Amino acid sequence: REGMDAEGKPRPPRPRWYERHVQPCLAELLGSALFIFIGCMAVLEDSGGTGRLQPALAHGLALGVTVTVLGDV
């Protein structure tokens, strides 16, 4: 029987080419672009007294929002 395993249970569908190759690459590109953009904007708007705290908080907030919004993907 085609589509069945040795015990007769249906096999889960095989992921498509897009899901295996393109989707992870697009996610990596989007994540990298987001963090580079957020990091650059945090450094540009440095008010002088924040030092390393402002970029660190900006990246942490961006990561938290990204995980919350895209966590199910």
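About the cut-offs
The residue numbering used here restarts from 1 in each chain and proceeds along that chain's sequence as written. Side-chain atom pairs in this predicted model are given and counted only at pLDDT of 80 or more, local residue features only at pLDDT of at least 70, and totals for whole chains, interfaces and linings cover all residues. The basis for the side-chain values is all heavy atoms of the structure; hydrogens and waters are excluded. UniProt positions are given in the numbering used here, feature names are shortened, and annotations may be inferred rather than shown by experiment. Only DSSP runs of H or I reaching four residues or more are called helices, and only runs of E reaching two or more are called strands; each is numbered from the N terminus. Each residue is placed in one exposure class: buried if its accessible area under a 1.4 Å probe, protein chains only, is under 20% of its type's maximum, exposed if it is over 50%, and partly exposed if it falls in between. Expected helix span is computed as 1.5 Å times (number of residues minus one). In this description, the arc belongs to the directions extending from the helix axis to the C-beta atoms. Every patch collects residues that have over 30% relative accessible area and no salt bridge, joining them within 9 Å if they carry like charges and within 5 Å if they are nonpolar side chains (Val, Leu, Ile, Met, Phe, Trp, Tyr). Here the open area of atoms and residues is found with the Shrake-Rupley method and a 1.4 Å probe, where only the protein chains shown may cover a residue. The rule for a salt bridge is simple: a side-chain nitrogen of Lys or Arg has to be within 4 Å of a carboxyl oxygen of Asp or Glu. Where helices are involved, their axes are fitted lines through C-alpha atoms of the stretch in contact, as for all axes, and angles between N-to-C directions lie from 0 to 180°. An angle below 35 degrees is read as roughly parallel, one above 145 as roughly antiparallel, one from 65 to 115 as roughly perpendicular, and any other as oblique. Rotating anticlockwise by less than a right angle from the far helix to the near helix defines a left-handed crossing, while the corresponding clockwise rotation defines a right-handed one. Residue contacts are counted whenever heavy atoms from the two residues lie within 4.5 Å of one another. Amino acids outside the nonpolar list (Ala, Val, Leu, Ile, Met, Phe, Trp, Tyr, Cys, Pro) and the charged list (Asp, Glu, Lys, Arg) are all regarded as polar, and Gly is one of them.

- The name recorded for the chain in an unreviewed UniProt entry is AQP8 protein, from Cettia cetti.
- On record in UniProt, under Subcellular location (unreviewed entry), the comment for the chain is "Membrane".

**Some details on the overall build of the chain**
Point 1. Broken down by element type, the chain carries two helices and zero strands.
Point 2. Of all 73 residues assigned to the chain, the portion counted as buried reaches 7%.

**Examining helix H2 (residues 53-70)**
Point 1. In this model, H2 (18 residues) spans 25 Å end to end at C-alpha, consistent with the 26 Å of a helix rising 1.5 Å per residue.
Point 2. Those residues of H2 lying buried are Pro55, Ala58 and Ala62. Relative to the axis of H2, the buried residues are bounded by an arc of 60 degrees and lie together on one face. Along H2, exposed side chains directed more than 90 degrees from the buried face belong to Leu53, Leu57, Leu61, Val67 and Thr68.

**Some remarks on a nonpolar patch on the surface**
Point 1. Together, Leu30, Leu61, Val65, Val69 and Leu70 make up a nonpolar patch on the protein surface, roughly 490 Å² of accessible area in all.
Point 2. Here the element with the most residues in the nonpolar patch is H2; it accounts for four residues.

**Digging into the packing of helix H1 (residues 17-44) against H2**
Point 1. Orientation of H1 relative to H2, taken along the N-to-C sense of each, is 150 degrees, at an axis distance of 9 Å. Compared by their axis directions, H1 and H2 come out roughly antiparallel. As H1 packs across H2, the resulting crossing turns out to be right-handed. Residues Leu30, Leu34, Phe35, Ile38, Gly39, Ala42 and Val43 of H1 form the contact with H2, whose own contacting residues are Gln54, Pro55, Ala58, His59, Ala62, Leu63, Thr66 and Leu70.
Point 2. Class assignment of the residues belonging to the contact of H1 with H2 gives a composition of eleven nonpolar, four polar and no charged.

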